[in-house]
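Examination of the molecular architecture
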Amino acid sequence: MSPDAPLAGVKVVIDAGPTYEDIDPVRFLGNRSSGKMGFAIAEAAAAAGAAVTLIAGPVALATPTGIARRVDVRSALQMRAAVLEAVDAADIFIATAAVADWRVAGYSPRKIKKGPGGAPVLELIENPDILAEVAARDPRPFVVGFAAETDHVHEHAQAKLVRKKLDMLAANHVDERVGIGADDNELELIWPGGSETLPRAPKRELARALVARIAAHYHARTPA
Ligand code: PMT
């Protein structure tokens, strides 16, 4: 492994940003993910020599330098299809996207109008868990998940690592300074048998540190 290009020859798939779940032609359910963390990781992985496929939800970000392929999607189901298509050939999958856990059961092809009947009641159905689905494959890539939590970050992250059978998980606290939508982040990186805190830094800086850790763990598991 070259120290300058620790991911040379390695194929990496990264999903990033939010998903939007349409209610009608003008409304959707979404979240505050900007895509900055995932795009920064994509840039850092490409700089480390990886062939990167970046699957992006609806974000307003330019494609980072060195990305081999970008696929733009809108909904969780579209993101799932794009990930499953790309991940077959991947060595590493990094799931930074804030995928909507639920979508609306009955999309209305016409704009829902206000009326005397009062507010509409939205029925939600669960979206497939893309990360868990990739981790359950055999053979599977080296799988890195994320967890965004407002409380009990460590406990939720540990539980997610085990439940989803991940190789690594990067947990971030969500508040107004760091995490979703912000320019900075701080990460607690955990893997079976260990953990490390990557302290608060701009997302591009943090992404370089994270990619170095992922490369080291990937090569330790998959010797060249
Ligand atoms: O985009 P930014 O503004 O830069 O913010 C970055 C971020 C906070 C969104 C990012 O760092 C992050 O934490 N991403 C994961 C957010 C999230 O949805 O966490 P979760 O705990 O709900 O999901 C856990 C994991 O399962 C994630 O890897 C997620 O991609 C994955 N997942 C979740 C639901 C689903 N249906 N499919 C999935 O694959």
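So, a few notes on the structure that sits alongside this text. It should be emphasised that the depicted structure is a prediction, and the values quoted were computed from it without experimental measurement.

**Section: the overall build of the protein**
Across its full length, the protein carries five helices and 12 strands. For 224 residues, the compact-globule formula gives about 17 Å, and the C-alpha radius of gyration of the protein, at 18 Å, lands near that figure. By principal-axis analysis of the C-alpha atoms, the protein measures approximately 65 × 35 × 35 Å. Within the protein, the proportion of its 224 residues that are buried is 46%. Partitioning the intrachain contacts of the protein with sequence separation of at least 6 by distance along the chain shows that 62% fall at a separation of at least 24. For the protein, the exposed area adds up to about 11300 Å²; of that, 53% sits on carbon and sulfur atoms. Of the side chains in the protein, 26 bear a positive and 28 a negative charge, and the two mean positions are spaced by 6 Å.

**Some remarks on the site of the ligand**
Residues in contact with the ligand amount to 28 residues; listed here are only the nearest, S33, A97, K160, N172 and G181. P128 places a main-chain nitrogen or oxygen 2.9 Å from a nitrogen atom of the ligand. Elements supplying a minimum of two residues to the shell around the ligand: helix 1 (36-47), helix 3 (130-135) and strand 9 (142-149). In the shell around the ligand, the residues fall into 13 nonpolar, nine polar and six charged.

**A few points about the pairing of strand 4 (residues 51-56)**
Most of strand 4 sits out of view: five of its six residues are buried. When strand 1 (residues 11-16) meets strand 4, the two strands line up parallel, connected through six bridges. The residue bridging A16 from the neighbouring strand is A56, located in strand 4. As paired strands, strand 4 and strand 5 (residues 69-72) are joined by four bridges and run parallel to one another. When the sheet's bridge partners are listed, L54 is paired in strand 5 with R70.

The rules behind these values
Residues numbered from 1 in each chain as written. Predicted model: local features only at pLDDT ≥ 70, side-chain atom pairs only at ≥ 80, totals over all residues. Heavy atoms only, no water. Helix = DSSP H or I, 4+ residues; strand = E, 2+ residues; numbered from the N terminus. Rg over C-alpha atoms; globule rule 2.2 N^0.38 Å. Buried < 20%, exposed > 50% of the residue type's maximum accessible area, 1.4 Å probe, protein only. Contact = heavy atoms within 4.5 Å. Areas by Shrake-Rupley, 256 points an atom, 1.4 Å probe, with all protein chains shown as cover. Lys, Arg positive; Asp, Glu negative; His and termini not counted. Charge placed at Lys NZ, Arg CZ, Asp CG, Glu CD. Near = heavy atom within 4 Å. Polar contact = N/O pair within 3.5 Å; in protein donor to acceptor, adjacent residues only side chain to side chain. Nonpolar A, V, L, I, M, F, W, Y, C, P; charged D, E, K, R; others polar. Pairing = 2+ DSSP bridges.

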